[in-house]
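Coordinates in review
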Amino acid sequence: MRLAEVKRKHVFDPQSPLSTHIILSGTVTNVNEMEMDFARHSLFIQYPEMKTWPSSRNWLFAKGSLTGVWILDHFGGPKVVTPENKKYFNNYSLNTPS
């Protein structure tokens, strides 16, 4: 279920301060030849149907480098999150138990 569907189902207003937003900034660059095999393998493992998509579309493999992360969660303005902010990441871990 997409986030927008969850918000509609539970009557959340996406502009409400109670709705969490994430703002990312950084750069996107093409992967180099050494990284190309890894990029293709990673993509096709996750989305195997893409192997059959036409190559004439000139697909681009790129990587991102984050320079800033801001979290808008509840009231009081954005919180700047850095890798050094281990407390934030430990409290809001993306790793879920299986």
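Residues numbered from 1 in each chain as written. Predicted model: local features only at pLDDT ≥ 70, side-chain atom pairs only at ≥ 80, totals over all residues. Heavy atoms only, no water.

Within the protein, the secondary structure is distributed over three helices and three strands. Across the 98 residues in the protein, those meeting the buried criterion constitute 14%. Across the protein, every contact between residues at least 6 apart in sequence was considered, and the portion connecting residues at least 24 apart equals 58%. About 8,800 Å² of surface is accessible on the protein, with carbon and sulfur atoms providing 59% of the total. (Helix = DSSP H or I, 4+ residues; strand = E, 2+ residues; numbered from the N terminus. Buried < 20%, exposed > 50% of the residue type's maximum accessible area, 1.4 Å probe, protein only. Contact = heavy atoms within 4.5 Å. Areas by Shrake-Rupley, 256 points an atom, 1.4 Å probe, with all protein chains shown as cover.)

Let's shift gears to the pairing of strand β2 (residues 62–72). Note on strand geometry: in a regular strand, side chains alternate between the two faces of the sheet. The pairing of strand β1 (residues 21–30) with β2 spans 10 bridges and is antiparallel. For T29, the partnering residue across the bridge sits in β2 and is K63. In this sheet, strand β3 (residues 79–80) lies alongside β2 in antiparallel orientation, the contact comprising two bridges. By the bridge assignment for β3, I71 is matched with K79. Between β2 and the antiparallel strand that follows it, β3, lie six residues; H74 among them carries a positive phi value of about 75°. (Pairing = 2+ DSSP bridges.)

Residue-level pLDDT values for the protein average 77, and 65% of them are 70 or greater. Put simply, helix α1 (residues 3–9) is where the protein has its lowest mean pLDDT, 59, and helix α2 (residues 33–46) is where it has its highest, 91. Note on residues 93–98: pLDDT is under 50 here. Beyond four places in sequence and across chains, it has zero contacts. (pLDDT = per-residue confidence, 0-100.)

Our next topic: the sheet that holds β1. Spatial strand order, β1-β2-β3: three strands in an open sheet with antiparallel pairing. Edge positions in the sheet fall to β1 and β3, since each of these pairs with one other strand and no more.

Attention now moves to the packing of aromatic side chains. Overall, the coordinates contain one aromatic pair when judged by the stated rule. Taken together, a centroid distance of 5.4 Å and an interplanar angle of 40° make the contact between W53 and W59 tilted. The class of W59 is partly exposed, set by a relative accessible area of 44%. (Phe/Tyr/Trp six-rings, centres within 6.5 Å; stacked < 30°, edge-to-face > 60°.)

Further remarks concern the pattern of salt bridges. Under the defined criterion, the tally for this structure stands at one salt bridge. Ionic pairing is found between K63 and E35, a salt bridge with its closest N-O pair at 2.8 Å. With K63 in strand β2 and E35 in helix α2, the pair connects residues that are 28 residues apart, well separated along the chain. Of the residues examined, K63 reaches a relative accessible area of 36% and is grouped as partly exposed. For E35, a relative accessible area of 27% puts it in the partly exposed group. (Salt bridge = Lys/Arg side-chain N within 4 Å of Asp/Glu carboxyl O.)

We now examine a nonpolar patch on the surface. On the surface, I22, L24 and L66 cluster together to form a nonpolar patch covering roughly 320 Å² of accessible area. Position of I22 relative to the elements: it lies in strand β1. I22 sits in the exposed class, given a relative accessible area of 52%. (Patch = residues over 30% accessible without salt bridge, like charges linked within 9 Å, V, L, I, M, F, W, Y side chains within 5 Å.)

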